[in-house]
Amino acid sequence: MPTSSPTADAPARLALLADEAAGCTRCGLAEGRTQVVFGTGAPDADLMFVGEGPGAREDEQGLPFVGRSGQLLDQLLREEVGLDRSDCYIANVVKCRPPGNRDPKPDEIAACRPWLEEQLELIDPTVVVTLGNFAARLLLDTDTGITKLRGQAYHFGGRHLVPTFHPAAALRGGADVLAKMRADLVRAKKLVAA
Ligand code: URA
């Protein structure tokens, strides 16, 4: 009898899922993308980040958070959690770039949702940190905005969910937003270690 856990082959299944997603045509974003930005990082990460959707740099490179927002995320991750992005998993609500960096539409978010749900199941993180309004609202199934949601952790299907601002908001919004993001990441770190 095999003794391995049901998720023992999760890295291989995640790689297969990424291959499948690479050809996705479930919504109109497929027409304008250069490539699908599926996600990156450790397939067995304890800490997973969920952003909004790829921008121009991400669409070019096929990796999430490689532009200015990503540089800030990497810095905060190092300084507040003591981790490198390769120790975590990073994904987005929508896997293809919305044209002109507009917000993703409800039908696009709904079409993309099963990819994210399979990622969550396979990676099986202890703590999910949502970045910005779209990820928090989707995963917490709420219309409440991030300013009200953040500042605490939520139960999320046997995991912890820590909502925080999108790094782009910190780049725009200055010291207060940045300080709150730092506090949220410290909260996430404690929950990972608990
Ligand atoms: N913003 C996001 O929400 N995701 C990315 O991958 C890049 C910028």
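For the structure, check the block above.
Computed from a predicted structure; not experimentally measured. Residue numbering note: each chain is counted from 1, following its sequence as written. Only residues with pLDDT of 70 or above have their local features reported here, since the model is predicted, and side-chain atom pairs are shown and tallied only from 80 upward, although totals for entire chains, interfaces and linings are computed over all residues. The basis for every side-chain value is the complete set of heavy atoms in the structure, and neither hydrogens nor water enter the calculation.

Asker: Help me out: how do you make sense of the site of the ligand in this one?
Answerer: Near the ligand, the surroundings consist of Gly51, Glu52, Gly53, Glu58, Pro64, Phe65, Asn92 and His166. Polar contacts, as counted here, are pairs of nitrogen or oxygen atoms within 3.5 Å of one another; within protein the pair requires one atom able to donate a hydrogen and one able to accept it, and residues that are adjacent in sequence qualify only if both atoms are side-chain atoms. Within the backbone of Glu52, one N or O atom sits 2.7 Å away from an oxygen atom of the ligand. The accessible surface values rely on the Shrake-Rupley method and a 1.4 Å probe; as for residues, cover is taken only from the protein chains in view. Protein burial of the ligand: of its 240 Å² of free accessible surface, 91% is covered by the chains. When each cavity is represented as a set of grid points, the ligand is found to reside in the largest pocket. Of the residues in the shell around the ligand, the class split is 2 nonpolar, 4 polar and 2 charged. Residues are classed as near a molecule or strand on a simple rule: at least one heavy atom within 4 Å of it. Buriedness for pockets is judged along seven lines, at least five of which must meet protein on both sides within 12 Å for an open set on the 1 Å grid over protein atoms alone, while cavities are sets there where a 1.4 Å probe fits but cannot get out, and lining residues have an atom within 4 Å of a point. A cavity or pocket is said to hold a molecule if more than half of that molecule's atoms lie within 2 Å of its grid points. Under the scheme applied, nonpolar residues are Ala, Val, Leu, Ile, Met, Phe, Trp, Tyr, Cys and Pro; charged residues are Asp, Glu, Lys and Arg; polar residues are all the others, including Gly.

Asker: In this structure, what is going on with the environment of Leu120? I would like to understand it.
Answerer: Strands are runs of DSSP state E lasting at least 2 residues, helices are runs of H or I lasting at least 4, and numbering of each runs from the N terminus. By secondary structure assignment, the location of Leu120 is in helix α5 (residues 106–123). Sequence separation of Leu120 and Pro43 is 77 residues, and the distance between their C-alpha atoms is 10.0 Å. Any two residues whose heavy atoms approach within 4.5 Å at even a single point are treated as in contact. With residues near it in sequence (within four places) discarded, Leu120 still touches Met48, Pro125, Val128, Leu139, Phe156 and Arg159.

Asker: Is there a simple way to think about the packing of helix α1 (residues 10–21) against α5 in this case?
Answerer: Helix packing for two helices is described by the angle between their axes and how far apart those axes are. Note on geometry: axes are lines fitted to C-alpha atoms, helical ones only across the stretch in contact, with angles between N-to-C directions running from 0 to 180 degrees. Put simply, α1 and α5 touch, their axes get as near as 9 Å, and they point 165° apart. Of the possible angle classes, the one that applies to α1 and α5 is roughly antiparallel. Handedness of the crossing formed by α1 with α5: left-handed. Of the residues in α5, those in contact with Ala10, Arg13, Leu14, Leu17, Glu20 and Ala21 of α1 are Trp115, Glu118, Gln119, Leu122 and Ile123. Per-class residue counts for the contact of α1 with α5 are 7 nonpolar, 1 polar and 3 charged. Angles are sorted into four bins: roughly parallel if under 35 degrees, roughly antiparallel if over 145, roughly perpendicular if 65 to 115, and oblique for all others. Two helices crossing with the near one rotated counterclockwise from the far one by less than a right angle form a left-handed crossing, whereas a clockwise rotation gives a right-handed crossing.

Asker: Even after reading the chapter, I still don't get the state of the cysteines, so can you show me in this structure?
Answerer: Covalent bonding between the sulfur atoms of two cysteines defines a disulfide. A pair of sulfur atoms, both from cysteines and within 2.5 Å, is called a disulfide here. Within the structure shown, the criterion is met by 0 disulfides. Cys27 takes part in no disulfide bond, and the closest cysteine sulfur, belonging to Cys96, lies 6.3 Å away. There is no disulfide at Cys112, and the cysteine sulfur nearest it, in Cys24, is 6.3 Å away. Think of it in three bands: residues with accessible area under 20% of the maximum for their type are buried, residues over 50% are exposed, and the middle band is partly exposed, with areas taken using a 1.4 Å probe on protein chains only. Judged by its relative accessible area of 10%, Cys112 falls in the buried class.

Asker: What is the right way to look at the pairing of strand β3 (residues 89–92) in this model?
Answerer: If a strand is regular, its side chains alternate between the two faces of the sheet. Burial of β3 is two-sided: the residues Tyr89 and Ala91 facing one way and the residues Ile90 and Asn92 facing the other way are all buried. Relative to β3, strand β1 (residues 40–41) is paired through 2 bridges, and the arrangement is antiparallel. Pairing of Thr40 across the sheet is with Ile90, part of β3. Two strands make a pair as long as DSSP finds a minimum of two bridges between them.

Asker: I tried to follow the sheet that holds strand β4 (residues 127–131) on my own but got confused; where do I start?
Answerer: Strands pair in a sheet through their backbones, by hydrogen bonds, and they do so in one of two ways: parallel or antiparallel. Across the sheet, 6 strands lie side by side as β1-β3-β2-β4-β6-β5; this open sheet has mixed pairing. Both edges of this open sheet fall to β1 and β5 (154–156), since each of them pairs with a single strand only. Against the sheet, helix α4 (residues 68–81) touches β2 (47–51), β3 and β4, its axis set at about 150° to β2.

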